[in-house]
Amino acid sequence: MKKIKVGIVGYGLSGATFHAPLLSVLEQFQIAKVVSSNKEKVQKDLKDVEVVGSLEEILEDPSIDMAVITTPSGLHYEMAKQSLLAGKHVILEKPMVVEAWEAEELIKIAEEKNLLLSVYHNRRWDNDFLTVKKLMDDGVLGEINTYQVHYDRYRPVVRDRWREKPGPGSGMLYDLGSHLIDQALHLFGLPQFVSADVFSQKENAETDDYFHVILGYEKLRVILHSGSIVPYNGPRYQVHGSKGSFIKYGLDCQEADLSDGKKPLDDSWGADDPEFYGKLVTVEGENEIHETIETLHGSYLTYYQAVADSILNGKKAPVTAQEGLAVIKIIDAAFESSKGKKAIYIK
């Protein structure tokens, strides 16, 4: 079987944790080169993979089929554009880009060159989100009226990293917000309006570290929330419908396991701790029925398996560039709403 040869651009948290471990265990891919200034780190993880100093060294290699761009968000547009023009398929770490027009231009180039352009919104394959989606698909909750997700952390001290410095694509809304927005759009499509509160709570903060975003639909309200000074988390998911409610605590384990050096090599991957199984309450007449719902297994591998199927067999991308663009438009609307203290209607 022909392997898809990959060049990974950047080997920080994203490249080393979320991309290289997955690509390295899938037989459809071969990591050929990595752009990094930390050769020792790359070779410790990936042994004989060639470490290079620039994107050009990947683009000038005719054997490389796909560039995986994991650099800071402000670099995504130029690097993706160069890669597409060089004839490479492109995977962009989320958020796709910083400006909507950048995404639109990249989409046009990819279509003209018949290349895959996809965004790594991996949290569509979190175990909790997969479980919520199945409950909704099965109609267990009835017509959804309130969908609320929290992605809270306790990180009260500003750290010296690009995401917490002023610059294109920095801040919590672009970072964690893009995950929650993509999940919501995947379930419900584009909203009618966006109402948001986005600001900084940390002392000496230089970019946003708190957001509360409401996506408005007909009879549905989607509430997406993140704070950085939350010592003890409440529920992660609260989903309410005409037939019942689903409440779930805890966070998908895949990031922690990947950070610990584990790889998705067996059927236990992505399993939830039973302590965090969600609670489903349905209503029948005057009776409430309480159930514990075993969490489905998470699977970030599914994303890259679908990427391979797209490149090799012409199937649809697991996350399309148009979907990546939609997330950027909602982020833009959220910032505009917060600044103007008003709802922004989506055209």
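Computed from a prediction, not measured in an experiment: that's the story for all the values here. (Residues numbered from 1 in each chain as written. Predicted model: local features only at pLDDT ≥ 70, side-chain atom pairs only at ≥ 80, totals over all residues. Heavy atoms only, no water.)

**Side note on the sheet that holds strand β4 (residues 66-69)**
For step 1, the next point in the chain: The 6 strands lie next to each other as β3-β2-β1-β4-β5-β6, forming an open sheet whose pairing is parallel. Only two strands of the sheet have a single neighbouring strand rather than two, namely β3 (50-52) and β6 (117-120). Pairs of neighbouring strands in the sheet enclose a mean axial angle of 25°, with direction left out of account.
For step 2, the next point in the chain: Along the sheet, helix α4 (residues 76-85) makes contact with β1 (4-9), β4, β5 (89-93) and β6, crossing β5 at roughly 170°. (Pairing = 2+ DSSP bridges. Helix = DSSP H or I, 4+ residues; strand = E, 2+ residues; numbered from the N terminus. Axes fitted to C-alpha atoms, helices over the stretch in contact; angles between N-to-C directions. Contact = heavy atoms within 4.5 Å.)

**So, the UniProt feature "domain: Gfo/Idh/MocA-like oxidoreductase C-terminal" (unreviewed entry) in the protein**
For step 1, the next point in the chain: Per the UniProt annotation, the sites labelled "domain: Gfo/Idh/MocA-like oxidoreductase C-terminal" (unreviewed entry) are residues 133-342.
For step 2, the next point in the chain: The distance separating the terminal C-alpha atoms of residues 133-342 is 30 Å; by composition the span is 29% helix and 24% strand. (UniProt positions renumbered as here; feature names shortened; annotations may be inferred.)

**Description of the packing of helix α5 (residues 100-113) against helix α10 (residues 321-340)**
For step 1, the next point in the chain: Packing of α5 against α10 brings their axes to within 9 Å, and their N-to-C directions diverge by 170°. Overall, the two elements α5 and α10 adopt an arrangement that is roughly antiparallel. Of the residues in α10, those touching α5 at Ala100, Ala103, Glu104, Ile107 and Glu111 are Ala321, Gln322, Leu325, Ile328, Lys329 and Asp332.
For step 2, the next point in the chain: Of the residues belonging to the contact of α5 with α10, the class tally is 6 nonpolar, 1 polar and 4 charged. (Parallel < 35°, antiparallel > 145°, perpendicular 65-115°, else oblique. Nonpolar A, V, L, I, M, F, W, Y, C, P; charged D, E, K, R; others polar.)

**Some points on the UniProt feature "domain: Gfo/Idh/MocA-like oxidoreductase N-terminal" (unreviewed entry) in the protein**
For step 1, the next point in the chain: Look at the UniProt record and you will see "domain: Gfo/Idh/MocA-like oxidoreductase N-terminal" (unreviewed entry) annotated at residues 4-121.
For step 2, the next point in the chain: Here residues 4-121 runs as 42% helix and 25% strand, with 20 Å between its end C-alpha atoms.

**Here's the deal with the packing of aromatic side chains**
For step 1, the next point in the chain: The full count for this structure, using the stated rule, is 13 aromatic pairs.
For step 2, the next point in the chain: Arranged with centres 4.9 Å apart and planes meeting at 50°, the rings of Phe199 and Tyr210 form a pair that is tilted. Residue Phe199 is found in strand β8 (residues 193-199), and its partner Tyr210 is found in strand β9 (residues 210-216); the two are separated by 11 residues along the sequence.
For step 3, the next point in the chain: The exposure class assigned to Phe199 is partly exposed, which follows from its relative accessible area of 33%.
For step 4, the next point in the chain: What links up through ring pairs into an aromatic cluster is the set Phe29, Tyr120, Trp125, Tyr303 and Tyr304. (Phe/Tyr/Trp six-rings, centres within 6.5 Å; stacked < 30°, edge-to-face > 60°. Buried < 20%, exposed > 50% of the residue type's maximum accessible area, 1.4 Å probe, protein only.)

**Observations concerning the layout of surface pockets**
A water-sized probe, rolled over the atoms, reveals where empty space remains.
For step 1, the next point in the chain: One number sums up the size of the largest pocket: a volume of about 520 Å³.
For step 2, the next point in the chain: Taken together, 27 residues make up the lining of the largest pocket; nearest its centre are Leu13, Ser14, Arg161, Arg163 and Asp175.
For step 3, the next point in the chain: Taken together, the residues of the lining of the largest pocket break down into 8 nonpolar, 9 polar and 10 charged. (1 Å grid on protein atoms, 1.4 Å probe; cavity = no way out; pocket = protein on both sides within 12 Å on 5 of 7 lines; lining within 4 Å. Points joined across faces, edges and corners; volume = space filled by probe spheres on them.)

**Thoughts on unusual backbone geometry**
Backbone phi values are negative for most residues with the exception of glycine, while trans is the configuration of most peptide bonds.
For step 1, the next point in the chain: Here the amide bond leading from Lys94 into Pro95 is cis, since omega sits at -15°, within 30 degrees of zero.
For step 2, the next point in the chain: Here Pro95 shows up in the loop between β5 and α5.
For step 3, the next point in the chain: Phi at Lys341 takes a positive value of approximately 50°, unusual for a residue other than glycine.
For step 4, the next point in the chain: Of note, Lys341 is situated in the loop between α10 and β15 (344-345).
For step 5, the next point in the chain: Take Lys341: its relative accessible area is 75%, and that puts it in the exposed class.

**Concerning a negative patch on the surface**
For step 1, the next point in the chain: Taken together, the side chains of Glu50, Glu56, Glu57 and Glu60 make up a negatively charged region of the molecular surface.
For step 2, the next point in the chain: Within the fold, Glu56 resides in helix α3 (residues 56-59). (Patch = residues over 30% accessible without salt bridge, like charges linked within 9 Å, V, L, I, M, F, W, Y side chains within 5 Å. Areas by Shrake-Rupley, 256 points an atom, 1.4 Å probe, with all protein chains shown as cover. Salt bridge = Lys/Arg side-chain N within 4 Å of Asp/Glu carboxyl O. Lys, Arg positive; Asp, Glu negative; His and termini not counted. Charge placed at Lys NZ, Arg CZ, Asp CG, Glu CD.)

**Some points on empty space enclosed by the protein**
For step 1, the next point in the chain: The full count for this structure, using the stated rule, is 1 cavity of 30 Å³ or more.
For step 2, the next point in the chain: Lining the largest cavity we find 13 residues, and of these Arg163, Glu164, Thr207, Asp208 and Asp209 sit closest to its centre.
For step 3, the next point in the chain: Residues of the lining of the largest cavity, tallied by class, amount to 3 nonpolar, 2 polar and 8 charged.

**A closer look at the pairing of strand β11 (residues 237-241)**
For step 1, the next point in the chain: Only one face of β11 is covered, namely the face carrying Tyr237, Val239 and Gly241; the face carrying Gln238 and His240 is uncovered.
For step 2, the next point in the chain: As defined by bridge partners, strand β7 (residues 144-150) adjoins β11 across 5 bridges and the pair is classed as antiparallel. When the bridges of β11 are listed, Ile144 appears paired with Gly241.
For step 3, the next point in the chain: Pairing between β11 and strand β12 (residues 244-248): 4 bridges, direction antiparallel. Bridge assignment links Val239 to a residue of β12, and that residue is Phe246.
For step 4, the next point in the chain: In sequence, β11 turns back onto β12 through a hairpin of 2 residues.

**A short note on the side chain of Ser310**
For step 1, the next point in the chain: Among the structural elements, Ser310 can be located in helix α9 (residues 301-313).
For step 2, the next point in the chain: Reaching out from Ser310, the side chain makes a polar contact with the backbone oxygen of Lys315 at a distance of 2.8 Å. (Polar contact = N/O pair within 3.5 Å; in protein donor to acceptor, adjacent residues only side chain to side chain.)

**Focus on the sheet that holds strand β10 (residues 221-226)**
For step 1, the next point in the chain: Here 9 strands make up an open sheet; going across it, the order is β14-β13-β12-β11-β7-β10-β9-β8-β15 and the pairing mixed. Unpaired on one side and paired on the other, β14 (287-293) and β15 mark the two borders of the sheet.
For step 2, the next point in the chain: Here β12 pairs with strand β13 (residues 278-284) via 4 bridges, running antiparallel. The residue bridging Phe246 from the neighbouring strand is Leu280, located in β13.

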